[in-house]
Amino acid sequence: MAVEELQSIIKRCQILEEEDFKEEDFSLFQLAGQRCIDEGHIDQLLEIIQNEKNKIIIRNMGWNLVGSVVRCLLWNDKEDDKRKEYFLMLDLLVKLCNPKELLLGLLELIEEASGKKIYQVILLLLQPLQTVIQKLHNNKAYSVGLALSTLWNQLSLLPVPYSEEQIQTDEYGLCQCCKALIDFTKPFVEEVIDAKENSLENEKLKDELLKFCFKSLKFPLLTAQFRKQPEEAGNDPLRCFASEIIGFLSAVGDPFSKMILNHGKKKRIWRYLEFEEEEDKQLADAMASLAYLVFVQCISIDQLPMVLSPSYLLQFNMKHIEVFLQRTEESVFSKGLDLLENGLLRIEDNSLLHQYLEIKSFLTVPQGLVKVMTLCPTETLRKKGLAMLQLYINKLDSQGKYTLFRCLLNTSNHSGVEAFIIQNIKNQIDVSLKRSYNNKWFTGPKLISLLDLVLFLPEGAETDLLQNSDRIMASLNLLRYLIIKDNENDNQTGLWTELGKIENNFLKPLHTGLNMSKAHYEAEIKNNQENSHEVQKSKDTCSVTVCGEEMPNMPPEMQLKVLHSALFTFDLIESVLARVEELIEIKTKSTSEENIGIK
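Residues numbered from 1 in each chain as written. Predicted model: local features only at pLDDT ≥ 70, side-chain atom pairs only at ≥ 80, totals over all residues. Heavy atoms only, no water.

> Where do I start with the overall build of the protein chain in this structure?
Scanning the protein chain from N- to C-terminus turns up 25 helices and 2 strands. Out of the 599 residues in the protein chain, the part that is buried amounts to 50%. Long-range pairs, those at least 24 residues apart, make up 73% of the contacts in the protein chain between residues at least 6 apart in sequence. Just so you have it, the protein chain exposes about 30,100 Å², and 49% of that area is on carbon and sulfur atoms. (Helix = DSSP H or I, 4+ residues; strand = E, 2+ residues; numbered from the N terminus. Buried < 20%, exposed > 50% of the residue type's maximum accessible area, 1.4 Å probe, protein only. Contact = heavy atoms within 4.5 Å. Areas by Shrake-Rupley, 256 points an atom, 1.4 Å probe, with all protein chains shown as cover.)

Set out below in structure tokens:
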């Protein structure tokens, strides 16, 4: 019945001119053709499509059947004769139908897909899509751009495989699609390269390809993880995709070195204003991704000049590292750590000039490292962040170290980080005191100015000593070191001149704070012990308020452990404080006796 109905519609249309086809004719043809497919009349439908008398009808109306054919191919994924017939029908429709209408129809099918159907539809339709676009001689650049944009939008909905196992199973087909997308794009790249004259259409096609390349650098390559071992690189589908994309950039863009090294400069890179606006808004992530692929993964690095200095390369990459560290995804900011390490390892210790810290990214990057160290849930990345901050400090000259220490002490707001900085200050003082000449940045007035940020309590005696215990212990250890290493008569560090201020701003408030905190926690322990019998009878958890904040509900024994641990911390601080005061007394007494002896 469906076949007869279709033949009847075709017979009526055969006598009409092409421009006389009505909307009703298109609808009736589509419904009858779909019924033929649904009822399995594939052979008869193939005969109708291949009949030369129906050429004009199929050209104008046949594209309406593509959706039904594609759905049948997706449902019937077994390799059999029926599937071969569906493929033959799709090939015939691509060959015979109006390419403009067919292009829109194919892109609509791609847009409609969701979930795992996305990669299945894309893999099925990329070849027909390529064939259709190559038949379009007018506005080819627009067609290529529309197709690549649609494909990228759909691919960006797929999760990027992270682990080795996920890459191998490729459950959502992203790796397969990336490989197929390269094959889809290559003929258009070759067309740009082979063009004998620089026509406006060729320039537009070039821009569409460049846009796609930069979008691909952002997704999936920004978040993609690459295999660490060089010998495995050839089997990594996402790394192969990255190599091809960078190859396209080199082939159709400006010279590779100019493209990568000129990014961010005031001089325009792109010829068209539209693309430059695109760059300003969208390409920060893409350019950071490109820098990582070139400098860490060494893809196309041989195309860069070999004369670039390590400090220049670090300066160039710092803005990209900043972009990475601003992101919250571990797979992204970990690349910032790798790129920073790559740049720093090229530089000798103590050779990075302090003037570089006048560049914004040279201060925002270490602040980004602090966020990784304190907020990242993964221990290995926290440790990597700490190692990179130490490596960065090691590379700076003395004034650079001094400037960075002041910055981080003022901005980190984290006791552990401040303790780490204070330990570094101690190390620099130690180096300075062992030299035959004084380093003005870690001795004398400059050091005293820095110690003002270290040897004080932010809120005086009211400071939360438990919250700031790491910082306080590091400060006391630094003070103890200075008292031991620097004699009052020498006073290289300037400590002895400022001792009165240090006692008033740091030691005395610390004494008061310790007494208050210990009394408070001892009272809490006493209350906890008195209430423990009632709690044990009810077998419930209890709550304790410390410093105005309620501790989380936990068993009484656990709360007692927490309270005793706090007391132990206070005792530890108190013991170091007592030792510092003892050393001050010994040193000042010894100096007084020496002065009396001299007289």
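This is not the end of the story, as more comes after the structure.
> What is the right way to look at the confidence of the model for the protein chain in this model?
Reading fine detail from the predicted coordinates is not recommended where pLDDT is low. In the predicted model, the protein chain carries a mean pLDDT of 89, and the fraction of residues at 70 or more is 89%. No element of the protein chain has a lower mean pLDDT than strand S1 (residues 545–546), at 52, and none a higher one than helix H19 (residues 379–395), at 98. A low-confidence stretch, residues 266–270 (pLDDT under 50), is modelled with 13 contacts involving residues beyond four sequence positions or located in other chains. (pLDDT = per-residue confidence, 0-100.)

> Looking at this structure, I do not really get the environment of Thr328. What am I missing?
Tracing the backbone through its elements, the reader meets Thr328 in the loop between helix H16 (310–326) and helix H17 (330–344). By relative accessible area, which is 70% here, Thr328 ends up exposed. Between the C-alpha atoms of Thr328 and Val372, which are 44 residues apart in sequence, the distance is 9.2 Å.

> Teacher, can you tell me more about the packing of aromatic side chains here?
Both the distance between ring centres and the angle between the ring planes are used here to describe each pair of aromatic rings. Considering all chains together, one arrives at 10 aromatic pairs under this definition. Here the basic side chain of Lys116 rests over the ring of Tyr172, its NZ or CZ set 5.5 Å away from the ring centre. If you follow Lys426 out to its NZ or CZ, it ends over the ring of Tyr481, 5.0 Å from the centre. (Phe/Tyr/Trp six-rings, centres within 6.5 Å; stacked < 30°, edge-to-face > 60°. Lys NZ or Arg CZ within 6 Å of the ring centre and 35° of its normal.)

> Help me understand unusual backbone geometry, please; the structure alone is not making it clear to me.
Trans is the prevailing form of peptide bonds, just as negative phi is the prevailing case for residues other than glycine. Geometrically, the link from Phe219 to Pro220 is a cis peptide bond, its omega value of 10 degrees lying close to zero. Structurally, the position occupied by Pro220 is in the loop between helix H12 (200–218) and helix H13 (237–252). The phi angle at Asp170 is positive, at roughly 50 degrees, despite the residue not being glycine. Accessibility expressed as a relative area gives 8% for Asp170, which makes it buried. Even without being a glycine, Asn350 presents a positive backbone phi close to 65 degrees. Counting through the fold element by element, Asn350 comes out in the loop between H17 and helix H18 (361–375). Under the relative-accessibility criterion, Asn350 is labelled partly exposed at 46%.

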